[in-house]
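Each chain is listed here by its residues.
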Amino acid sequence: MLRSAAAIAFLSLFLTASAEAQENPVVVELFTSQGCSSCPPADLIMHELAKRDDVIGLALHVDYWDYIGWKDEYADPDHTARQRAYAREGGRTMIYTPQMVVNGQQDVVGAKSLELNQLIDAHLTAPPEAEVSATRVANEVAVNVVPVALPEDETYELRIVQYSPIRHASIRRGELAGHELDYANVVENWQVAGHWDGQTPQNFTATLSSDLPAVVLIQRAGHGPIVAAARVE
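Remember, predicted model here, so these are calculated numbers, not experimental data.

(A) Just the packing of aromatic side chains, in detail. Under the defined criterion, the tally for this structure stands at 5 aromatic pairs. Ring geometry for Phe31 against Tyr86: centres 6.3 Å apart, planes inclined by 75°, an arrangement best described as edge-to-face. Here the residue Phe31 occupies a position in strand β1 (residues 26-32), and Tyr86 occupies one in helix α4 (residues 77-89), the gap between them amounting to 55 residues. Take Phe31 and Tyr86: they sit in the same class, and that class is buried. When the centroid spacing of 6.4 Å and the interplanar angle of 75° are considered together, the rings of Tyr74 and Tyr183 count as edge-to-face. With a gap of 109 residues between them, Tyr74 in the loop between β2 (55-61) and α4 and Tyr183 in strand β8 (residues 180-196) connect regions that are remote in the sequence.

Set out below in structure tokens:
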């Protein structure tokens, strides 16, 4: 009973959001795989992150565990390439699952929820560097970015990400054979919709590839820090 009460109290930390934080949510990317037996606890955390207004949680399924015996049906080589780019940017020599990357900067083992929440809180209380907003009419998106405190001589990419809020998998082989699993916020499509100098307000437009929900990330070119993010309203 005490253990259950503690678990409920701990999960409540993930559902706490302030009105101020919702204006510039923290981006948490989970690199996961249906072929990874240690990933389900991190996948469950992503379900909790998906409920928060002050966090944009994105699940990026990678393909490098497919050889074990089960091909992850949501895996994309581009997700693996993004994870490797983060490793190079951070001076790391290896990639792993489950891994969470917070605002394109710090990485943490995906199942370490306490450490993850501490990183999220640190970003929520940090002063903003830029602001972004996005509106959608059908599949056309209009994005506005405004600098707040960004360094000069940097280039930022405007990335638009579309995702499925929930996807189901019936895993028949591999380390998770026999499991029926639901995955939250599964990334389906990425596009770089423009580049920004980070010094002057600017407007962008883009066409989405589907009716799926979308978010906008403003990220320093080369897989650097994510300096602003917003849901497409």
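(B) Fine view of the sheet that holds strand β5 (residues 130-137). Reading across the sheet, the 3 strands line up as β5-β6-β9 and stay open at both edges, with antiparallel pairing between neighbours. The open sheet is flanked by β5 and β9 (202-207), the only strands paired with a single partner. For this sheet, the mean inter-axis angle between neighbouring strands, taken without regard to orientation, is 20°. As paired strands, strand β6 (residues 140-147) and β9 are joined by 6 bridges and run antiparallel to one another. Counterpart to Val145 in the pairing with β9 is Gln202.

(C) Summary view of the nonpolar core. Ranked by internal contacts, the top residues of the largest apolar core, which has 21 residues, are Val132, Val143, Trp196, Val216 and Ile218. Listed by contribution, the elements that provide at least two residues to this core are β5, β6, β7 (156-170), β9, β10 (214-220) and β11 (226-231). Ignoring anything within four residues of it in the chain, the contact list for Val216 reads Val132, Ala134, Val143, Leu158, Arg159, Ile160, Ala228, Ala229, Ala230 and Val232. Judged by nonpolar contacts, the second largest core, of 18 residues, contains Val27, Tyr64, Ala87 and Leu217.

(D) Molecular detail of α4. Across its 13 residues, α4 extends 18 Å between first and last C-alpha, which sits within 8% of the 18 Å expected from 1.5 Å per residue. When we look at burial in α4, the residues that qualify are His79, Thr80, Arg82, Gln83, Ala85, Tyr86 and Ala87. Between a side-chain oxygen at the N-terminus of α4 and the backbone nitrogen of Asp78 the separation is 2.8 Å; the capping residue is Asp76.

(E) Examining the side chain of Gln83 more closely. Mapped onto the secondary structure, Gln83 falls in helix α4. By relative accessible area, Gln83 is classed as buried at 0%. At 2.8 Å, the side chain of Gln83 forms a polar contact with the backbone oxygen of Tyr96. In this structure Gln83 touches Phe31, Val62, Tyr64, Ile95, Tyr96 and Gln99, once residues within four positions along its chain are discounted.

(F) Representation of helix α3 (residues 40-49) in the model. Of all 10 residues making up α3, 8 are buried, and the element is well covered by its neighbours. Burial in α3 covers these residues: Pro40, Ala42, Asp43, Ile45, Met46, His47, Glu48 and Leu49.

Parameters and conventions
Residues numbered from 1 in each chain as written. Predicted model: local features only at pLDDT ≥ 70, side-chain atom pairs only at ≥ 80, totals over all residues. Heavy atoms only, no water. Phe/Tyr/Trp six-rings, centres within 6.5 Å; stacked < 30°, edge-to-face > 60°. Helix = DSSP H or I, 4+ residues; strand = E, 2+ residues; numbered from the N terminus. Buried < 20%, exposed > 50% of the residue type's maximum accessible area, 1.4 Å probe, protein only. Pairing = 2+ DSSP bridges. Axes fitted to C-alpha atoms, helices over the stretch in contact; angles between N-to-C directions. Core = buried A, V, L, I, M, F, W, Y, C linked by side-chain atoms within 4.5 Å. Contact = heavy atoms within 4.5 Å. Expected span 1.5 Å × (residues − 1). Polar contact = N/O pair within 3.5 Å; in protein donor to acceptor, adjacent residues only side chain to side chain.

In short, geometric facts, not functional conclusions.
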